[in-house]
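The lines below spell out each chain.
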Amino acid sequence: MSKTQKRKNRIQNILEMPKEVYTNMPKLTVVGFEEMIIENYKSILEYEEFFVRINTHIGILNINGFNLNLEKMTNDDIKITGTIESVDIEKNVD
């Protein structure tokens, strides 16, 4: 483990901060099949009422369903509502 990684782990332990706060890792919160909140996203690639593609720092999220709506958007998070049927992630290969 590198010095930088050890330092990050120490800071996280001291401050008890979740990883998504100090990194660009996306955080997905799913409430049933009707709501999803995505934190730390980069951009919206595609939006239809049955399909949403969201770009994140680790890959692309594909959300499939019916009557999908982008309910609330900020620079940091986005809320998707509707009937969510499936979610998959296309991992970035750098």
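Every chain is numbered independently, its residues counted from 1 as its sequence is written. Local features in this predicted model are restricted to residues of pLDDT 70 or higher, and side-chain atom pairs are both shown and tallied only at a pLDDT of 80 or more, whereas totals for entire chains, interfaces and linings draw on every residue. No hydrogens and no water enter the side-chain calculation; it runs on all heavy atoms of the structure.

Some remarks on the sheet that holds strand 5 (residues 59-73)
We count it as follows: Here the rule is simple: two strands pair whenever DSSP picks up at least two bridges between them. Where helices and strands are cited, they refer to DSSP runs of H or I of at least four residues and of E of at least two residues respectively, numbered from the N terminus. In this analysis an axis means a line fitted to C-alpha atoms, helices contributing only their contacting stretch, and an angle means the value between N-to-C directions, from 0 to 180 degrees.
In space, the six strands of this open sheet follow the order 1-2-6-5-4-3, with antiparallel pairing throughout. The open sheet has two edge strands with one neighbour each: strand 1 (27-31) and strand 3 (41-48). Here the strands of the sheet are splayed against their neighbours by 30 degrees on average, with no regard to which way each runs. Taken together, the five bridges between strand 2 (residues 35-39) and strand 6 (residues 77-91) define a ladder with antiparallel strand orientation.

Re the pattern of salt bridges
Opposite charge on two side chains makes pairing possible when the charged atoms of those side chains draw close. So the rule is basically this: Criterion for a salt bridge: a side-chain nitrogen of Lys or Arg within 4 Å of a carboxyl oxygen of Asp or Glu. Only protein chains enter the calculation, and the probe is 1.4 Å; a residue is then buried if its accessible area is under 20% of its type maximum, exposed if over 50%, and partly exposed in between.
Following the criterion strictly, the structure yields three salt bridges and no others. Between Lys-79 and Glu-35 there is a salt bridge; the shortest N-O distance is 3.8 Å. Within this pair, whereas Lys-79 is found in strand 6, its partner Glu-35 is found in strand 2, the two being separated by 44 residues in sequence. For Glu-35, a relative accessible area of 22% gives the class partly exposed. Ionic pairing is found between Glu-90 and Arg-53, a salt bridge with its closest N-O pair at 3.4 Å. You can see Glu-90 sitting in strand 6 and its partner Arg-53 sitting in strand 4 (residues 51-56), a full 37 residues away along the chain. On the basis of relative accessible area, Arg-53 is assigned to the buried category, the value being 18%.

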